[in-house]
Amino acid sequence: MSKSAKWILLGVIVLFIIGIILFPKLKNKLSASQQEAPPVTATVSPRNQVLNINAEVLTHQTLTDKTTVLGSTIPDEEVNLSFESSGKIVAIYFTEGTHAKEGDLLAKINDKPLQAQLRKLEAQVPLARDRVYRQHTLLERDAVSQEAYEQVTTEYEKLMADIDLVKANIAQTELRAPFDGIIGLRSVSEGAYVTPSTMIAKLTKIMPLKIEFSVNEKYDTEIRKGTDIKFSIMNSEDRYMDYQAKVYAVESKITQDTRSLIARAIYPNPNEHITPGRFVSIEVTKEAIENALAIPSEAVIPEMGKNIVYRYKGGVAQAAEILIGLRTEERVQVLEGLSVGDTLITTGVMQLRSGMKVTIDNLY
């Protein structure tokens, strides 16, 4: 026998001896593990299970399709008050934060040179009028030419035009309220030299008040003049107060960068209790269906292109295929498949199978 064969034979004998020694121990471990294994329980058929569910008795209701967007309150009118001409302010007649009526004189700049020029021109009016009268009398007698009469008439009309021009310049020295509103804080004092670019104060009209908001482009046909909206504003007690407004204007095109449509609504704002610049939450009603049969969205199971719901009847769940109409964030309109008075299962629907036993915890 060769030397290598002897080594192989020796290895086989060693492995055999080790196997004899370890086999009883492995046998004991296998027996113990089999004894500790828990018994296999019998599978319970889904039809034998009883599932606790909530249900709802179906009735007719008004189904409203709404969308919520953000917006802000803006003044009905607002303007930065300034003079049309340059000069030194000689008088300020308004008090900051008070109301002004349209046409009220708010401030005045120096107009003495213009007043002097006006008096000078007005002093020439009687003489110019007499000349026109005399020339007209002479023309009727053929004592003067038509050209001479027209010359004095032109001079008179030019004089009156100069007077109108000076009066217009004097009017530009007066700052008057262009509409009813509240005057804000003034930025100048008497004695200050101002130009047309100098803002004196801000005049704001907040009764009525405008609500500006934008909606996604897909709702462009839903928002139009006359659409009713509801907007909410948080008060000092951290509670939202609801108000009603009506859309009065819609932008003529969709904004390209945001793909949204800008609209404005009007709110009467009695007692001016809402100020411009407030953040508001706006609820827009897109469609409202009276006497609709509506169910919770979570009760509907999309399955192979169908919409399945489960009715409760005699302690078991019964599957029903439905045809849906309007869908809102919370509810779905049912056109076919359910009737008023049916008890619809609203929870645990993913665990249900037709014929499964159920028990109602809460019935709405």
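Residues numbered from 1 in each chain as written. Predicted model: local features only at pLDDT ≥ 70, side-chain atom pairs only at ≥ 80, totals over all residues. Heavy atoms only, no water.

### As for the overall build of the protein chain
Line of reasoning, step 1. From N to C terminus, the protein chain includes four helices and 19 strands.
Line of reasoning, step 2. Here the protein chain holds 364 residues, and 32% of them are scored as buried.
Line of reasoning, step 3. Of all intrachain contacts in the protein chain linking residues separated by at least 6 positions in sequence, the fraction that spans at least 24 positions is 74%.
Line of reasoning, step 4. Split by element, the accessible area of the protein chain, about 23,300 Å² in all, is 53% carbon and sulfur. (Helix = DSSP H or I, 4+ residues; strand = E, 2+ residues; numbered from the N terminus. Buried < 20%, exposed > 50% of the residue type's maximum accessible area, 1.4 Å probe, protein only. Contact = heavy atoms within 4.5 Å. Areas by Shrake-Rupley, 256 points an atom, 1.4 Å probe, with all protein chains shown as cover.)

### Notes on the confidence of the model for the protein chain
As a general rule, the predicted coordinates of low-pLDDT regions are not to be interpreted in detail.
Line of reasoning, step 1. Averaged over every residue, the pLDDT of the protein chain is 86; the share at 70 or more is 87%.
Line of reasoning, step 2. Per-element mean pLDDT across the protein chain ranges from 57 in helix α1 (residues 3–36) up to 97 in strand β5 (residues 105–109). (pLDDT = per-residue confidence, 0-100.)

### Details of the sheet that holds strand β6 (residues 174–176)
Line of reasoning, step 1. The antiparallel open sheet is built from four strands, whose spatial order is β6-β5-β3-β8. A single partner strand is all that each edge strand has here, and the edge strands are β6 and β8 (193–194).
Line of reasoning, step 2. As paired elements, β5 and β6 share three bridges and run antiparallel to each other. Across the sheet, the residue bridging to Ala-107 is Leu-175, located in β6. (Pairing = 2+ DSSP bridges.)

### As for the nonpolar core
Line of reasoning, step 1. Membership of the largest hydrophobic core comes to 23 residues, with the highest contact counts inside it found for Phe-213, Val-215, Ile-229, Phe-231, Ala-265, Ile-274 and Ile-282.
Line of reasoning, step 2. Tallying contributions element by element places strand β9 (residues 201–216) first for this core, with five residues.
Line of reasoning, step 3. Among residues more than four places away in sequence, those in contact with Ile-229 are Phe-213, Tyr-243, Gln-244, Ala-245, Val-247, Ala-265, Ile-282, Glu-283 and Val-284.
Line of reasoning, step 4. One finds Leu-106, Phe-179, Ile-200 and Leu-203 within the second-largest nonpolar core, a separate group that totals 18 residues. (Core = buried A, V, L, I, M, F, W, Y, C linked by side-chain atoms within 4.5 Å.)

### Considering the packing of aromatic side chains
Line of reasoning, step 1. Scanning the model with the defined rule gives three aromatic pairs in all.
Line of reasoning, step 2. Summarising the aromatic geometry, the rings of Phe-231 and Tyr-243 are spaced 5.4 Å apart at their centres and angled 25 degrees between planes, so their arrangement reads as stacked. One end of the pair, Phe-231, is in strand β10 (residues 228–234); the other, Tyr-243, is in strand β11 (residues 240–250), and twelve residues separate them in sequence. Each member of the pair Phe-231 and Tyr-243 is classed as buried.
Line of reasoning, step 3. Ring plane angle 80 degrees and centroid distance 5.4 Å describe the contact between Phe-231 and Tyr-267, whose orientation is recorded as edge-to-face. In this pair, Phe-231 is assigned in strand β10 and Tyr-267 in strand β12 (residues 260–267), connecting sequence segments 36 residues apart. (Phe/Tyr/Trp six-rings, centres within 6.5 Å; stacked < 30°, edge-to-face > 60°.)

### What to know about helix α3 (residues 125–140)
Line of reasoning, step 1. Here α3 spans 23 Å end to end across 16 residues, near enough to the 22 Å set by a 1.5 Å rise per residue.
Line of reasoning, step 2. Taken together, the buried positions of α3 are Val-125, Ala-128, Val-132, Gln-135 and Leu-139. Buried residues of α3, viewed axially, fall in a sector of 100 degrees; they line one side. In this structure, α3 carries Tyr-133 and Glu-140 as exposed residues pointing more than 90 degrees from its buried face.
Line of reasoning, step 3. Looking at the buried side of α3, the elements it contacts are α2 (112–123) and α4 (146–171). (Expected span 1.5 Å × (residues − 1). Arc of directions from axis to C-beta.)

### Let's talk about α2
Line of reasoning, step 1. Here α2 spans 17 Å end to end across twelve residues, near enough to the 16 Å set by a 1.5 Å rise per residue.
Line of reasoning, step 2. Regarding α2, the residues found buried are Leu-114, Leu-118 and Leu-121. Viewed end-on, α2 has its buried residues packed into an arc of 65 degrees, placing them on one side of the element. Across from the buried face of α2, at angles greater than 90 degrees, the exposed residues are Lys-112, Pro-113, Arg-119, Lys-120 and Ala-123.

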